[in-house]
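# Examination of the molecular architecture
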Amino acid sequence: MKQSQHLLSVSDLTKAEVENLFETAKMLEPILDRPLKRVPAFRRKTVVLAFFEPSTRTRVSFETAAKTLGANTTIITTEGSSVVKGETFVDTIQTLQSMDPDLLVIRHKSAGAALLAAKYCQCPVINAGDGTHEHPTQALTDLLTLYKALGGPFKKLKIGIAGDILHSRVARSNILLLKMFGAEIHLIGPASLIPIEFKAPEIHIHYSMGAALPELDVLMMLRIQQERLQENFFPSLSEYSEFYGLNMRRLKKAKPEILIMHPGPVNVGVEMTEDVMTHKNCLIEHQVRNGVLVRMALLYRMLSCKK
Ligand code: CP
């Protein structure tokens, strides 16, 4: 990255840098269609994947991306590390730094953990999700998926983000990135799950899915994060699903060409039903594939920049 050697937030990127990243993704994509999905670009480089919180998509896509580009990967998780013996987060990061990695990818349940890690690292750090703060590589994945589905840049697209905005790092990163690219953002959910920092006229707020849906070109559904819901933000999951979940009956009220997205993992039957997940307008599988591609492009640029 030009402005910052790290990617901790979408705000570390300019619009031009995101567009350059997507050009790199386009250049690298044919590698994923080869029988042998490997190039020796970064044979001597080591990428450390420090996942202090569970992950399937982000972790596997970073590992696949690094290996596809020929880099070595080392994975560390809370359960398999000396964190369980009482080693502090900073000591763990300093220990990893002493092994001289070329890049550190970090996921942590605490907001700000990636920034703290970057203070103790000489190598670039990528935030792979820090608490309720940000998940920049998911937002980049979602934007690339939209670009590919729409055939290129969009103008005045109405994008709804529905559900648990309050606890969603994906929503925060997507709001920053989609605003940068000129989308009109509509947040949909119960008042208890929409933070007061987001308000009209900059961002459209809807407390009713039924009222918002017919206007939208894209609808991003968010996971109900039961692990972060310590209070009662809504009476029950079934009531949440009744008012804010996406099912075929509700989908009929949307534009026929609406694009449906979800960063995963999905609580099937809560945010959306299985038939919506397999609907032709649903881009979830594309999001997963593009996740590998975006992370390949990021590693390519960041490992190339490193002296
Ligand atoms: N979207 C996302 O971050 O999924 P994982 O938690 O499986 O990585």
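Residues numbered from 1 in each chain as written. Predicted model: local features only at pLDDT ≥ 70, side-chain atom pairs only at ≥ 80, totals over all residues. Heavy atoms only, no water.

When its domains are assigned, the protein resolves into domain 1 (10-134 + 288-305) and domain 2 (136-284). Here the C-alpha centroids of domain 1 and domain 2 sit 26 Å apart. Residue-level contacts link 33 residues of domain 1 with 26 residues of domain 2. Counting each side, the surface lost to burial between domain 1 and domain 2 is near 2,300 Å², with a carbon and sulfur contribution of 64%. When the area that domain 1 buries against domain 2 is broken down by residue, the three leading residues are Val10, Phe22 and Thr132, summing to 27%. Between Arg169 and Glu53 there is a salt bridge; the shortest N-O distance is 2.8 Å. Applying the counting rule to domain 1 against domain 2 returns nine residue pairs in polar contact (both at pLDDT 80 or more). Counting only elements with at least two residues in the side of domain 1 that touches domain 2, the list comes to helix 1 (15-28), helix 2 (57-68), strand 3 (103-108), strand 4 (125-130) and helix 11 (284-305). (Domains from an automatic or database assignment. Contact = heavy atoms within 4.5 Å. Buried area = accessible area lost by both parts, 1.4 Å probe. Salt bridge = Lys/Arg side-chain N within 4 Å of Asp/Glu carboxyl O. Polar contact = N/O pair within 3.5 Å; in protein donor to acceptor, adjacent residues only side chain to side chain. Helix = DSSP H or I, 4+ residues; strand = E, 2+ residues; numbered from the N terminus.)

Bringing the pairing of strand 2 (residues 72-77) into the picture now. Summarising the sheet, strand 1 (residues 46-51) and strand 2 pair through six bridges and their orientation is parallel. Opposite Leu49, over in strand 2, you have Ile75 as the bridge partner. A crossover links strand 1 with its parallel partner strand 2, the connecting element being helix 2, and its sense is right-handed. (Pairing = 2+ DSSP bridges. Right-handed = clockwise from strand over helix to strand, strands pointing away.)

We now examine the sheet that holds strand 5 (residues 158-162). Pairing within the open sheet is parallel, and its five strands lie in the order 7-6-5-8-9. This sheet does not close on itself; its edge strands, each paired only once, are strand 7 (204-206) and strand 9 (259-261). Neighbour-to-neighbour, the strand axes of the sheet open up by a mean angle of 20°, direction not taken into account. As paired elements, strand 6 (residues 184-188) and strand 7 share three bridges and run parallel to each other. Each bridged residue has a counterpart across the sheet, and for Ile188 the counterpart in strand 7 is His206. (Axes fitted to C-alpha atoms, helices over the stretch in contact; angles between N-to-C directions.)

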